[in-house]
Amino acid sequence: MSAGTDAPTTLIASAQRALRLLEAVARYPRGATAKQLARDTGLALGTAYHLLRTLVHDRYLERREGRYLTGPAVAGLSGEESPGAGHRRLDRLLRRLSDDLAAAVYLSRYCKGEVELIAAQAAPGAPTVDLSAFRSAAHATSAGKTLLALMSAEERRAYLARHPMVALTPYTLRDPAQLPLLPRQGPQRAAPITQYQEFVLGTAAAAVPIVAGSGLAAVSVSLPMAQAHRLPQIAAQLRTRLSDDFAAVAFGL
């Protein structure tokens, strides 16, 4: 066979192998190692490594702590997602974060004048807190305080007029002047906003913002107070872990 006919055949075979790897990775919500994927697809380990590096470079996959997971480029292939697909993708993102950080993780959003909890994911040793009062208690949660910090002064006044800063615990802030403020431009560079036992006794939490145009959201983590010493490190890790995927999901549901 001449070189002119052999090259296209080789390229097609490489594409087929790459697609097989993508399909294999998609079967592991928490990621898989190169050896697992090579075994699942029947590829030589060297070939699998080469294709995995290419797929990571092009953002079809992500590599975290030696495991491969589907990347943001895969989500963009289908264009618009159904609500069900969006929620499943959010569940996977939150599950990865909760597993990696060993903390409960939450996604919240400011929408139509209200602070809404979109989803939550517990972790072993870090259960989610009782969130029944979440919507009316933004002043007491790290995510709510982050969203209040991003609102305009008028939006913040209107929210607090509807939801006064009542004391949920002895540690709850009661004075609007004590609430933190963040600029909408570049808030990801700001320090995470924390709260210790302000919403629920025995729990500490931290949150970081997600801003896309006029959209405001926050990803937060919570821990039992016995683990509160871990919160600064976890909050710092959280800032570096948020990807474009989170913004797409947060404002696409």
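Shown above is the structure to which this text applies.
Values in this document were obtained by computation on a predicted structure and should not be read as measured data.

J.: When you look at the overall build of the protein in this model, what are you seeing that I'm missing?
T.: Each helix and strand in the protein was counted, giving nine helices and seven strands. Per-residue burial over the protein gives 42% buried out of 253 residues. Long-range pairs, those at least 24 residues apart, make up 59% of the contacts in the protein between residues at least 6 apart in sequence. When the accessible surface of the protein is totalled, it reaches about 12700 Å², and 54% of it is carbon and sulfur.

J.: How do you make sense of the nonpolar core when you look at a structure like this?
T.: The tendency in soluble globular proteins is for nonpolar side chains to be buried side by side. The biggest cluster of nonpolar side chains holds 25 residues, and the ones touching the most others in it are Leu101, Val219, Val221 and Leu238. Only α5 (83–101), β3 (104–111), β6 (203–212), β7 (215–224) and α8 (231–241) provide two or more residues apiece to this core. Of the residues forming this core, the biggest block, five residues, is contributed by α5. Sequence-distant contacts of Val221, defined by excluding residues within four places in its chain, comprise Leu101, Ala103, Ala104, Val105, Tyr106, Ala204, Ala205, Ala206, Leu231, Ile234 and Leu238. Val115, Ala143, Leu150 and Leu173 belong to the second largest nonpolar core, which has 20 residues in total.

J.: Is there a simple way to explain α8 in this structure?
T.: Quick reminder: α-helices carry 3.6 residues per turn. Residues three or four places apart thus point the same way. Among all positions of α8, only Leu231, Ile234, Ala235 and Leu238 are buried. Down the axis of α8, the buried side of the element spans an arc of 100 degrees, and every buried residue falls inside it. Exposed side of α8, more than 90 degrees from the buried face: Pro232, Gln233 and Thr240 are the residues found there.

J.: Any chance you could explain the pattern of salt bridges here in plain terms?
T.: Pairing between side chains of opposite charge can happen when their charged atoms approach one another. Inspection of the entire model under this criterion finds five salt bridges. In this structure, the salt-bridge partner of Glu62 is Arg64, at a minimum N-O distance of 2.6 Å. Look at Glu62 and you get buried, because its relative accessible area is 15%. The partner of Lys145 in a salt bridge is Glu198, and the shortest N-O contact between them spans 3.0 Å. Within this pair, whereas Lys145 is found in helix α6 (residues 142–150), its partner Glu198 is found in the loop between β5 (193–196) and β6, the two being separated by 53 residues in sequence. What makes Lys145 buried here is its relative accessible area of 5%. In this structure Glu198 comes out as buried when scored by relative accessible area, which is 8%. Through salt bridges with shared partners, one network takes in Glu114, Glu116, Arg135 and Arg162.

J.: Looking at this structure, I do not really get the environment of Glu23. What am I missing?
T.: Positionally, Glu23 belongs in helix α1 (residues 3–26). By relative accessible area, which is 49% here, Glu23 ends up partly exposed.

J.: Could you clarify how one ought to interpret the sheet that holds strand β4 (residues 114–121) in this entry?
T.: Two pairing modes exist for strands in a sheet, parallel and antiparallel, and in both the strands are linked by backbone hydrogen bonds. Taken together, five strands build an open sheet; the order of strands is β4-β3-β7-β6-β5 and the sheet is antiparallel. Whereas interior strands pair on both sides, the edge strands pair on one side only; in this sheet they are β4 and β5. On average, each strand axis in the sheet is inclined to that of its neighbour by 25 degrees, with strand direction left out of account.

J.: What exactly am I supposed to notice about unusual backbone geometry here?
T.: Leave glycine aside and you will find that most residues have negative phi; peptide bonds, for their part, are mostly trans. Non-glycine residue Glu65 carries a positive phi angle of around 50 degrees. On the secondary structure map, Glu65 appears in the loop between β1 (61–64) and β2 (67–70). What makes Glu65 exposed here is its relative accessible area of 75%. Of note, the phi angle at Gln197 is positive, near 60 degrees, even though the residue is not glycine. Note that Gln197 resides in the loop between β5 and β6.

J.: I'm lost on the environment of Ala15 in this one. Help?
T.: Within the secondary structure layout, Ala15 lies in helix α1. Taking the C-alpha atoms as reference points, Ala15 and Leu51, 36 residues apart in sequence, are found 9.3 Å from one another.

Cut-off values and rules
- Counting restarts for each chain, with residues numbered from 1 along the sequence as it is written.
- Owing to the predicted nature of the model, reporting of local features is limited to residues with pLDDT of at least 70; listing and counting of side-chain atom pairs is limited to 80 or more, with chain, interface and lining totals taken over all residues.
- Side-chain measures were taken over the full set of non-hydrogen atoms in the model, leaving aside hydrogen atoms and water.
- What counts as a helix is a DSSP run of H or I of at least four residues, what counts as a strand is a run of E of at least two, and both are numbered from the N terminus.
- Relative accessibility thresholds used throughout: buried, under 20% of the residue-type maximum; exposed, over 50%; partly exposed, between the two (1.4 Å probe, protein chains only).
- By definition in these notes, contact holds between two residues if any of their heavy atoms fall within 4.5 Å.
- Note on areas: Shrake-Rupley with a 1.4 Å probe; residue coverage comes only from the protein chains shown.
- To form a nonpolar core, buried Ala, Val, Leu, Ile, Met, Phe, Trp, Tyr and Cys residues must be joined to one another through side-chain atoms within 4.5 Å.
- The directions from the helix axis to the C-beta atoms form the arc being described.
- Within this document, salt bridges are pairs made up of a side-chain nitrogen of Lys or Arg and a carboxyl oxygen of Asp or Glu, the two lying within 4 Å of each other.
- Any two strands between which DSSP finds at least two bridges are classified as paired.
- To define axes, lines are fitted to C-alpha atoms, for helices over the stretch in contact only, and angles between the resulting N-to-C directions are given on a 0 to 180 degree scale.

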